[in-house]
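# Close look at the chain arrangement
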Amino acid sequence: MFIGLIILTIVLCITQTLADEPRELIFILFYFMGDTLCDYIFLTGHDLRRDRRLAGRLASVKVVFSESFDESDYTENEVKQLYFEIEKDVNETIEEGK
């Protein structure tokens, strides 16, 4: 969008001698690209980056399935550490969203 905006700016400068009607079509494209660029940078860009980051975290989660459940696989300290890491990630995500 940024490159298109620059190209259309150059085209508008070159076509100053044209009639108003053909230039209006170029102005419409210019405003569309500028509006879309500003929308991405200032309004939706942060949300998209956050969604990608959360999707990346979800994709990197290691899931192990077993035939039987044995509670002795984790000690009490390991369970506390896991809960601490989850809480830390949630708090970081909430802070990034503000």
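Keep in mind that what you see is a predicted model, and the values were worked out from it rather than measured. (Residues numbered from 1 in each chain as written. Predicted model: local features only at pLDDT ≥ 70, side-chain atom pairs only at ≥ 80, totals over all residues. Heavy atoms only, no water.)

## Points about the overall build of the protein
To keep things clear, this is the line we draw: Numbering of helices and strands runs from the N terminus; a helix is a DSSP stretch of H or I covering at least four residues, while a strand is a stretch of E covering at least two. As defined in this context, the radius of gyration uses C-alpha atoms, and a globule is described by 2.2 Å times the residue total to the power 0.38. Summary of the burial criterion: residues with accessible area below 20% of their type's maximum are buried, those above 50% are exposed, and those between are partly exposed, where the area comes from a 1.4 Å probe applied to protein chains only. The contact rule is simple, with two residues in contact once any of their heavy atoms fall within 4.5 Å. Calculation of accessible area relied on Shrake-Rupley with a 1.4 Å probe; when residues are assessed, cover is drawn exclusively from the protein chains displayed. Only four residue types enter the charge count, namely Lys and Arg as positive and Asp and Glu as negative; His and the chain termini do not. By convention, charge coordinates are those of NZ in Lys, CZ in Arg, CG in Asp, or CD in Glu.
Along its length, the protein carries three helices and zero strands. Helices (α) and strands (β) of the protein occur, in sequence order from the N terminus, as α-α-α. Relative to its length of 98 residues, the protein is extended, with a C-alpha radius of gyration of 26 Å against a globular reference of 13 Å. With respect to the principal axes defined by its C-alpha atoms, the protein has extents near 80 × 30 × 15 Å. Counting the 98 residues in the protein, one finds 11% classified as buried. Long-range pairs, those at least 24 residues apart, make up 53% of the contacts in the protein with a sequence separation of at least 6. Within the structure as shown, the protein displays about 8,700 Å² of accessible surface, and the carbon and sulfur contribution to it stands at 63%. Of the side chains in the protein, 10 bear a positive and 19 a negative charge, and the two mean positions are spaced by 5 Å.

## Digging into a nonpolar patch on the surface
Spelled out, the test is: Any residue with relative accessible area above 30% and no salt bridge may belong to a patch, with like charges joined within 9 Å and the nonpolar Val, Leu, Ile, Met, Phe, Trp and Tyr side chains within 5 Å. By convention in these notes, a salt bridge is any Lys or Arg side-chain nitrogen within 4 Å of a carboxyl oxygen on Asp or Glu.
Among the surface-exposed residues, Tyr-40, Ile-41, Phe-42, Leu-43 and Leu-48 lie close enough to one another that they form a single nonpolar patch of about 540 Å² accessible area. Mapping Tyr-40 onto the fold places it in helix α2 (residues 20-59).

## As for helix α1 (residues 2-14)
Inclusion rule: Multiplying 1.5 Å by the residue count of a helix minus one yields the expected span of that helix. An arc is given here, and it is the one of the directions from the helix axis to the C-beta atoms.
Under the 1.5 Å per step criterion, the end-to-end length of α1 is 19 Å for 13 residues, consistent within 8% with the ideal 18 Å. Along α1, the positions that sit buried rather than exposed are Gly-4, Leu-5, Leu-8 and Leu-12. Along the axis of α1, the buried positions cluster into a sector of 100°, meaning they face one direction only. Those residues of α1 that are exposed and angled more than 90 degrees off the buried face are Phe-2, Ile-3 and Ile-14.

Everything listed here is a matter of coordinates, which is why it stays silent on function.
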